[in-house]
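Listed below are the residues making up each chain.
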Amino acid sequence: MRKSRERPGELFMGVLLAACALAAVVFLLLIALYLILAGLPAIRKAGLGEFLLGTVWDSTNAEAPRFGILPMLLTSLWGAAGAVVLGVPVGFFTAVYLAKAAPRPLARVLRPAVSLLAGIPSVVYGLVGMCALVPALRAALDLPAGDSLLAAVIVLAVMILPSVIDLTTTALEAVPREYEEGSLALGATEAETWLRVSAPAARSGIAAAVVLGVGRALGEAMAILMVAGNVPNMPGLLRSVRFLTTGIAIEMNYASPGSLQRQALFSIGLVLFVFILLVNLLLNRTLKGRKGA
Amino acid sequence: MKEKDIIKARNLDFFYGRAQALRHVTAAIPAGRVTALIGPSGCGKSTFLRTLNRMSDLVEGTRVEGSLTFHGEEVFSPNVDVTELRRRVGMVFQKPNPFPMSIYDNVAYGPRTHGRWNRAALDDIVERSLRAAAIWDEVKDCLKKDALGLSGGQQQRVCIARALAVKPEVLLMDEATSALDPISTARIEDLILELREHYTIVMVTHNMQQALRVSDKTAFFLLGELVEIGDTETLFSMPRDKRTEDYITGRFG
Amino acid sequence: MAKGRRRRAWNLLAAALPRLGALVTVGLLAFVAGYVLWRGLPGLSWALLTQEESVLHGQVGIAPCILNTVYVIAVSLAAALPLGVGAAVYLTEYAPRRRLAAAVEFAAETLSGLPSILYAMVGSILFCTVLGLQKSLLAGSLTLAIMTLPTVIRATQESLKTVPRSYREGALGLGAGKWRTVRTVVLPSSVRGIAAGCILAAGRVVGESAVLLYTAGLSTAMQDFSSLSGLVKASGSTLTVALYVYAKERSDFTTAFAVATVLLFLTVLLNLTAGAVGRRR
């Protein structure tokens, strides 16, 4: 059979589209490569132990700069944990309301409101935190300054709320109606059914929501840059603290290219990258687990 | 009268993964005739139809063994240009599937695909195809309208026109009337009888009366096997195989 | 019946908590939006939106930042859209090799989870230094294109999946090749979903600040968008970056909240359009 004219064009497009798809892989490899290449030298110079476990970050000291990221590492972990502790319950119960309890018309209004919450730029959250939350904390707790881990945790909790709500609502809505009917038929109330039947049935989706929240909280920079005070202290709830992300952000524009300080910032980036990869891996596994269940 | 077989299958096997859908099918499809494929659902008649223009390729993990030729050339040979094969062996589907475009663009889609862009020539092709599909009078004043706005029967005739517009030699119809009402069905059956003059038609139908009304030849499939193929009248009046007789007398299926 | 009473209490709580949660969420949204409007609306004026800042004349204006934002949206989408749609088409329509598809999906997922500060770092080396774009809106836009790529890919994939199989079969059955089928039948049928995805991506671009802070420059002066070299060299702050600079570095909260108000309106607008575009069919 004679070859048609279109054949070469079709082949070309196939290759071109495959190239588009590969672009995502290439970008990821490029990012990983840059972070490793730029991040390893400073770690090697400071020593991995000193870098990860050192408690002093003094990158601009001309004589003896110190690059210990433990304060930032712990702050990031505490911050993410705090955001989850505050944000997940609120998000979970909101999702139960949206998926199960709310009258349909109300739910139809509330869901766009939640996605609006997700769409608000992080600097706006930072600004509101800076001007409303920080002074309020200072006044309420009688502190010298309100910029603190606590302020950052509250801002982060609000910021992870929409994704927690979104994933949890989706998971709850996917629970087969028969489960709930079974429970109701046994004389359980609706509220009991949501919490004792629907939520456990949706648990892997909810777990994924928590993991995603952790990822978001670990990765946020600008909003908490504006409320956390940014001193590289060991974490304390009412202390001024610096996160891994803000540690990079605060010095990026001042570190001269090629300097050890800048290399050290890339080392922080590398650590953050590894953390996020682990979180993603966990997220993937929880989501896959749901498909299996 | 000399009869030339345009499509020949010899010991054709077809597998979906491990499941065998066709077993040693040997059949010849005569040119310029209507051949009906009948049999209970899941018997392989649709699978066989879809091998004829390699629409079967669209399902992943399938495998073909044996031989299937179109004009003496192996259909499943790697050298075959599938797009050209499908131009020459057109297809009409069970459910009318017009594209979300105007009636005109639907019919012109095929010719454009195969490189015909001349406006006057396209106008001509579109009109002739719609006439051939017996729908020209109904749509000639609204060619620019969305084809999805037509009734099911009209949509199906537009789809037939669309298939005819690329000047195929063979037209495959996969239960093309099963989604239509009786009046639309009757119109399409009339159309098939007219199209027989110029095209080779292979149709899958679950309706034995339809096969009897419009086809010259009938093939009966059962469990992936071609049980019997022959002149329609002979097959329905004097089936050679007991299973064919059981089926056409309504004992199963 | 102590048990009955406990159960009743439990039930009351179980019924109250979801309402309480929803109330807190809505309250937070109302507070954030209300607070921004309360502090921002007074500072918002036609002059602010249309003028350029001038320290000499004591004049504030965010017109350049608005234009910069538009530029960044346009360029990053122009780069991400073809790549993202191409990748999605490949994944849903072609993808002959499972392993490649799995690698691409893993990469897209990982990219969508990376913190923007990492994009900022890599973008500042890759585009500003290695490719020699300096700190420029172009460098920022290209970095954001990588960042929004997963959003475009996902939205396009979702949209392609809703195109009926019968459309593809119809075209393939006429002897159309795969790409022709995709271009003439599949893509036109999924345009709405792709458009909604683009608006989503635009929303991410509008809201992003960390990347631009380190790759696009901080100037609030009007850039020259009239020539090609101007377009390549232009550098400056978008609305979010301007907000950050006004609040954190200049302590000009009136302007900062006015910018926040503009951003809030923009977010609402983008959300509404995305909803409207995505829903109708």
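Going by the structure above, here's the rest.
Summary of the structure given here. (Residues numbered from 1 in each chain as written. Chains lettered and ligands numbered in written order. Predicted model: local features only at pLDDT ≥ 70, side-chain atom pairs only at ≥ 80, totals over all residues. Heavy atoms only, no water.)

**Here we look at a nonpolar patch on the surface**
Here's step 1: Taken together, the side chains of Val 274, Leu 278 and Leu 281 of chain A together with Phe 106 of chain C present a nonpolar region at the surface, about 360 Å² in accessible area.
Here's step 2: Looking at the nonpolar patch, the element that brings in the most residues is helix α12 (residues 260-292) of chain A, giving 3 residues.
Here's step 3: By the element assignment, Phe 106 of chain C lies in helix α4 (residues 98-113). (Patch = residues over 30% accessible without salt bridge, like charges linked within 9 Å, V, L, I, M, F, W, Y side chains within 5 Å. Areas by Shrake-Rupley, 256 points an atom, 1.4 Å probe, with all protein chains shown as cover. Salt bridge = Lys/Arg side-chain N within 4 Å of Asp/Glu carboxyl O. Helix = DSSP H or I, 4+ residues; strand = E, 2+ residues; numbered from the N terminus.)

**Comments concerning helix α5 (residues 116-130) of chain C**
What sets the pattern is the α-helix's 3.6 residues per turn: residues three or four places apart point alike.
All names here are of chain C.
Here's step 1: An ideal rise of 1.5 Å per residue puts 21 Å on 15 residues; α5 measures up with 20 Å between its terminal C-alpha atoms.
Here's step 2: The sharpest bend along α5 comes to roughly 35°, located at Gly 123.
Here's step 3: Buried residues dominate α5, accounting for 13 of its 15 residues.
Here's step 4: Positive phi appears at Gly 132, one or two residues downstream of α5, with a value of about 70°. (Expected span 1.5 Å × (residues − 1). Bend = angle between axes of the 7 residues up to and from the residue. Buried < 20%, exposed > 50% of the residue type's maximum accessible area, 1.4 Å probe, protein only.)

**A short note on the interface of chain C and chain A**
Here's step 1: The partner chain A presents 78 residues to the 77 residues of chain C that form the contact.
Here's step 2: Roughly 6600 Å² of surface becomes buried between chain C and chain A when both sides are summed, with 79% attributable to carbon and sulfur atoms.
Here's step 3: By the criterion of area lost to chain A, the three top residues of chain C are Leu 29, Met 121 and Tyr 214 of chain C, representing 9% of everything that side buries.
Here's step 4: At the junction of chain C with chain A, the criterion picks out 0 salt bridges.
Here's step 5: Broken down by element, the side of chain C that touches chain A gets its largest block of residues, 20 residues, from helix α1 (residues 2-40) of chain C.
Here's step 6: Among the residues making up the side of chain C that touches chain A, the classes are represented as 55 nonpolar, 13 polar and 9 charged. (Contact = heavy atoms within 4.5 Å. Buried area = accessible area lost by both parts, 1.4 Å probe. Nonpolar A, V, L, I, M, F, W, Y, C, P; charged D, E, K, R; others polar.)

**Focus: the packing of helix α3 (residues 70-101) of chain A against helix α6 (residues 149-173) of chain A**
Residue and element names in this part refer to chain A.
Here's step 1: Contact geometry for α3 and α6: axes closest at 5 Å, N-to-C directions at 40°. Judged by the inter-axis angle, α3 sits oblique to α6. Our pair here, α3 against α6, has a crossing hand that is right-handed. (Axes fitted to C-alpha atoms, helices over the stretch in contact; angles between N-to-C directions. Parallel < 35°, antiparallel > 145°, perpendicular 65-115°, else oblique. Left-handed = near helix turned anticlockwise from the far one by under 90°.)

**Considerations on the nonpolar core**
Here's step 1: Core analysis: the biggest nonpolar cluster contains 205 residues, and Leu 35, Ile 69, Tyr 125 and Leu 127 of chain A together with Ile 117 and Leu 243 of chain C have the highest contact counts within it.
Here's step 2: In terms of residues, this core owes the most to one element, helix α1 (residues 7-46) of chain A, which gives 17 residues.
Here's step 3: Discounting residues that sit within four places of it in the chain, Tyr 125 of chain A has contacts with Leu 117, Ile 120, Val 155, Val 158, Met 159 and Ala 223 of chain A together with Val 32 of chain C.
Here's step 4: In terms of nonpolar packing, the next biggest core, distinct from the first, is built from 47 residues, Tyr 104, Cys 142, Ala 165 and Met 203 of chain B among them. (Core = buried A, V, L, I, M, F, W, Y, C linked by side-chain atoms within 4.5 Å.)

**Looking at the environment of Ala 188 of chain A**
Here's step 1: Of note, Ala 188 of chain A is situated in the loop between α7 (177-185) and α8 (190-201).
Here's step 2: Remark: the alpha-carbon pair of Ala 188 of chain A and Ser 198 of chain A, spanning 10 residues in sequence, is separated by 12 Å.
Here's step 3: When residues no more than four places from it in sequence are discounted, the contact partners of Ala 188 of chain A are Ser 183 and Thr 193 of chain A together with Arg 7 of chain C.

**Remarks on the pattern of salt bridges**
Here's step 1: A full pass over the atoms with the stated rule returns 29 salt bridges over all chains.
Here's step 2: Between Glu 84 of chain B and Arg 87 of chain B there is a salt bridge, with the nearest N and O atoms lying 3.4 Å from each other. Residue Glu 84 of chain B and its partner Arg 87 of chain B are located together in helix α2 (residues 82-88), separated by 3 residues, close to a single helical turn. Of the two residues, Glu 84 of chain B and Arg 87 of chain B, both sit in the buried class.
Here's step 3: Arg 157 of chain B is paired through a salt bridge with Glu 138 of chain B; the nearest N and O atoms lie 2.9 Å apart. Taken together, the residues Arg 157 of chain B in helix α6 (residues 152-164) and Glu 138 of chain B in helix α5 (residues 136-139) connect sequence positions 19 residues apart.
Here's step 4: Judged by relative accessible area, Arg 157 of chain B falls into the buried class, the value being 5%.
Here's step 5: Within the structure, one salt-bridge network assembled from shared partners comprises Lys 100, Arg 177, Glu 180 and Glu 181 of chain A.

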